[in-house]
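Here is what each chain is made of, one letter per residue.
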Amino acid sequence: MSSVLYDTPGPRAKRRNVLFTIVFLAVLALVAWWVLAALNDKNQLAADKWSPFVTDSRVWTTYLLPGLMETLKAAALSILIALPLGALLGIGRLSDHRWVRVPVGAVVEFFRAIPVLLLMMFAAALYREFTTISSDFRPLYAVVTGLVLYNASVIAEVVRAGVLSLPRGQGDAAEALGMRKGQTMTYVLLPQAVTVMLPALVSQLVVIVKDTALGGALLGYAELLSQNRQITANYGANTIATFTVIALIYIVINAIVTHLAARLERRLRRGKKSATAAIPTQAGPADVKSDAISGA
Amino acid sequence: MFDFLDSGQYDLLGAFWVTAQLALYSAIGSLIWGTALAAMRVSPVPLMRGFGTTYVNLVRNTPLTVVIVACSFGLDQTLGITLGADRSEDIGFRLAILGLIAYTGTFVCEALRSGINTVPPGQAEAARALGLNFVQVLTLVVLPQAFRAAVAPLANVLIALTKNTTVAAAIGAAEAAVLMKEMIENETDALFAVFAVFAFGFIVLTLPTGLFLGWAAKRLAVKR
């Protein structure tokens, strides 16, 4: 195992690495012992706090799985609406017409600058005041609205950066062939840009899944995270165990999404050997990477 | 339309001040924690690399909301860890910072790692040829260049962090989102104005940061 930063270890370096490993292991063990002792003190390690997740199927069928369904429902709805809307906004921002480019740019920049949570709270109040949507569905609507507004504008930037990252010659060649602007975009630029955009788009999907949790914590949406109250109330204050299980479910979902996308990307890339490099992450026209972070 | 601002009923500046403080403390903390994680991830010790990778992948895929709510329910209410605060607002504030640091540190780590990747291998090789050891190569040659290259991604992390402070509302830190919720309930007839005020507040917080750091990124970038 070699890297630019250090040589392949010789005998001395090997000994030193072993020493570091032991010291680091000791520190980790110390922290783990301290955490476990703290948990044990408050009786959070008792078997009956953890066993319901393995032995009692009702904790899954009554709380976790329905919560997970709500999470996935909100995420899927948001993705289905935000993807086309974002593509539209992204193309709009690339328009040759000033009167399209400027307003679309303003909308995109505005919704990107505002925390998703504020958008969700605003949407919830809007629906309460101005529509007849029943209060059962209002949290879902509010969560989806917030997620769509925010993520569509992020996806717009991803699309824009993806199209801009293509070699200029592609657009010029299409023009030389006599294609109209719409044709150039749909037949030449967008299909190529998709491969480039894929990593950024996928991190956005992960962000959407994660952001649904905001609805559970603050808007009374019955998604996965919000089930923790019910579970701890019914299964004897097993707070730590419940949060561990809920976090693990999120981690597994997001790992699956990332894994599937990596496979899809490999397939797409194999098709086109000429595919350009990934979207530049810095000083590019759009801060593609940035927004992937903002997932709350 | 905006007369609710003059009523003196709402401490708007105070709420945004809490938001700014949350962002500032978490930024400092996550910069330190993120740098430590990045150093672990590139270190020659496999165990440290493994720990860094596992931590980053686990925490990055967990919603920040889960992290912060777990801090409140798990650490405070279950284990009684309050980080030395007495009032419930202070507890929420401090635990939110802890959660934000744990979460944002992973993104700082990734930004730094992408910065490290921009440093030409020749630099590190030259440093090693001079006889510098790993720590010296990292701290004297690679990290200074990596930080300069990472200003732009780090700026994005900072902006995202500023927006993410709103999640602290879930555990009762008295920041902007909490006040907005209260104002929406009391001032339903001025709903749009309330939203506009808070949107404006966040634009004021994030826009100058983005512009300044974008400018700094261009100034600092190592010209190659």
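Predicted model only: the values in this text are computed from it and were never measured.

Q: Explain the overall build of chain B to me, please; I cannot follow it from the model alone.
A: Along its length, chain B carries nine helices and zero strands. When its helices and strands are written in sequence order, chain B yields α-α-α-α-α-α-α-α-α. With respect to the three principal axes, the spread of C-alpha positions in chain B is 70 × 45 × 25 Å. A total of 224 residues make up chain B; the buried ones form 55% of that total. Put simply, of all contacts in chain B between residues at least 6 apart along the chain, 76% involve residues at least 24 apart. Total accessible area on chain B is roughly 9700 Å²; 65% of this is exposed by carbon and sulfur atoms.

Q: Which parts of the structure should I look at to understand the state of the cysteines?
A: Cysteine pairs can be linked by a disulfide, which is a covalent bond between their two sulfur atoms. Residue and element names in this part refer to chain B. Enumeration over the complete set of coordinates arrives at zero disulfides over all chains. Free cysteine C71: the closest other cysteine sulfur is in C109, separated by 19 Å. By relative accessible area, C109 is classed as buried at 0%.

Q: Mind showing me how you'd approach helix α4 (residues 58-93) of chain A here?
A: Note on helix geometry: an α-helix contains 3.6 residues per turn, so any two residues three or four positions apart are oriented the same way. Compared with an ideal rise of 1.5 Å per residue, which puts 36 residues at 52 Å, α4(A) spans 50 Å between its outermost C-alpha atoms and is within 8% of the ideal. A bend of about 35 degrees at A:L64 is the largest found in α4(A), and the proline A:P66 appears one to four places after it.

Q: Can you help me understand the UniProt feature "domain: ABC transmembrane type-1" (unreviewed entry) in chain A in this one?
A: Listed under "domain: ABC transmembrane type-1" (unreviewed entry) in the UniProt record, and renumbered for this structure, are residues 68-261 of chain A. End C-alpha atoms of residues 68-261 of chain A are separated by 21 Å, and the span's content is 84% helix alongside 0% strand.

Q: Explanation requested: the UniProt feature "domain: ABC transmembrane type-1" (unreviewed entry) in chain B in the structure shown.
A: Sites flagged by UniProt as "domain: ABC transmembrane type-1" (unreviewed entry) map to residues 16-213 of chain B. The span residues 16-213 of chain B is 81% helix and 0% strand, and its two end C-alpha atoms sit 21 Å from each other.

Q: For this particular structure, what's the right way to read the packing of helix α8 (residues 168-176) of chain A against helix α9 (residues 181-218) of chain A?
A: Each pair of packed helices can be summarised by the angle the axes make with each other and by the distance between the axes. Residue and element names in this part refer to chain A. Axis separation between α8 and α9 bottoms out at 10 Å; the angle between their running directions is 160 degrees. Of the possible angle classes, the one that applies to α8 and α9 is roughly antiparallel. Handedness of the α8/α9 crossing: right-handed. Between α8 and α9, the contacting residues are Q170, G171 and A174 on the first element and T184, V188, L189 and Q192 on the second. Counted by class, the contact of α8 with α9 contains three nonpolar, four polar and no charged residues.

Q: Explain helix α5 (residues 98-113) of chain A to me, please; I cannot follow it from the model alone.
A: Between its first and last C-alpha atoms α5(A) spans 22 Å; for 16 residues at 1.5 Å apiece the expected length is 22 Å, and the two agree. The complete set of buried residues in α5(A) reads A:V104, A:G105, A:V108, A:F111, A:R112 and A:A113.

Q: In this structure, what is going on with the UniProt feature "transmembrane region" (unreviewed entry) in chain A? I would like to understand it.
A: All names here are of chain A. The feature "transmembrane region" (unreviewed entry), as given by UniProt, occupies residues 18-36, 74-92, 104-127, 139-159, 187-209 and 240-262 in the numbering adopted here. Helix and strand shares over residues 18-36 are 100% and 0% respectively, and the end C-alpha atoms of the span are 26 Å apart. In the segment residues 74-92, helix accounts for 100% and strand for 0%; the C-alpha atoms at its two ends are 26 Å apart.

Q: What am I meant to see in the side chain of B:S43 here?
A: As for its placement among the helices and strands, B:S43 is situated in the loop between α1 (12-41) and α2 (46-60). The class of B:S43 is buried, set by a relative accessible area of 5%. Those residues within four positions of B:S43 in sequence are excluded, and the remaining contacts are A:Y6, B:M48, B:R49 and B:F134.

Q: What exactly am I supposed to notice about unusual backbone geometry here?
A: Comment: phi is negative for the bulk of residues other than glycine, and the bulk of peptide bonds are trans. All names here are of chain A. In this structure, N43 takes a positive phi of about 65 degrees despite not being glycine. Relative to the helices and strands, N43 resides in the loop between α1 (11-41) and α2 (47-50). When its relative accessible area of 44% is taken as the criterion, N43 is described as partly exposed.

Q: What am I meant to see in the confidence of the model for chain B here?
A: The predicted coordinates should not be examined in detail at positions where pLDDT is low. Per-chain confidence: chain B averages 89 in pLDDT, with 100% of residues scoring 70 or above. At the level of chain-chain contacts, confidence expressed as ipTM amounts to 0.90, with global pTM at 0.88.

Rules used throughout
Here, residues in each chain are numbered from 1, in the same order as that chain's written sequence. All chains are assigned letters beginning at A, and all ligands numbers beginning at 1, according to the order in which they are written. Residues qualify for local features only when their pLDDT is at least 70, as the model is predicted, and side-chain atom pairs are given and counted only at 80 or more; totals for whole chains, interfaces and linings, by contrast, use all residues. The basis for every side-chain value is the complete set of heavy atoms in the structure, and neither hydrogens nor water enter the calculation. Helix and strand definitions here come from DSSP, where helices need a minimum of 4 consecutive H or I residues and strands a minimum of 2 consecutive E residues; each element is numbered from the N-terminal end. Burial classes: relative accessible area under 20% of the type maximum marks a residue as buried, over 50% as exposed, and values in between as partly exposed (1.4 Å probe, protein chains only). It only takes one pair of heavy atoms within 4.5 Å for two residues to be counted as in contact. The Shrake-Rupley method, run with a 1.4 Å probe sphere, supplies the accessible areas, and residue values consider only the shown protein chains as cover. A pair of sulfur atoms, both from cysteines and within 2.5 Å, is called a disulfide here. One less than the number of residues in a helix, times 1.5 Å, gives the span that helix is expected to have. One fitted axis covers the seven residues ending at a residue, a second covers the seven starting there, and the bend at that residue is the angle between these axes. UniProt positions are given in the numbering used here, feature names are shortened, and annotations may be inferred rather than shown by experiment. Between the N-to-C directions of two axes lies an angle of 0 to 180 degrees, each axis being a line fitted to C-alpha atoms and, for a helix, fitted only over the stretch in contact. Angle categories: roughly parallel below 35 degrees, roughly antiparallel above 145, roughly perpendicular from 65 to 115, and oblique for all the rest. By the definition used in this description, the sense in which the near helix is turned from the far one sets the handedness, with an anticlockwise turn below a right angle giving left-handed and a clockwise turn giving right-handed. Amino acids outside the nonpolar list (Ala, Val, Leu, Ile, Met, Phe, Trp, Tyr, Cys, Pro) and the charged list (Asp, Glu, Lys, Arg) are all regarded as polar, and Gly is one of them. Across the chain, each position has a pLDDT score giving the predictor's confidence in that residue, from 0 to 100.

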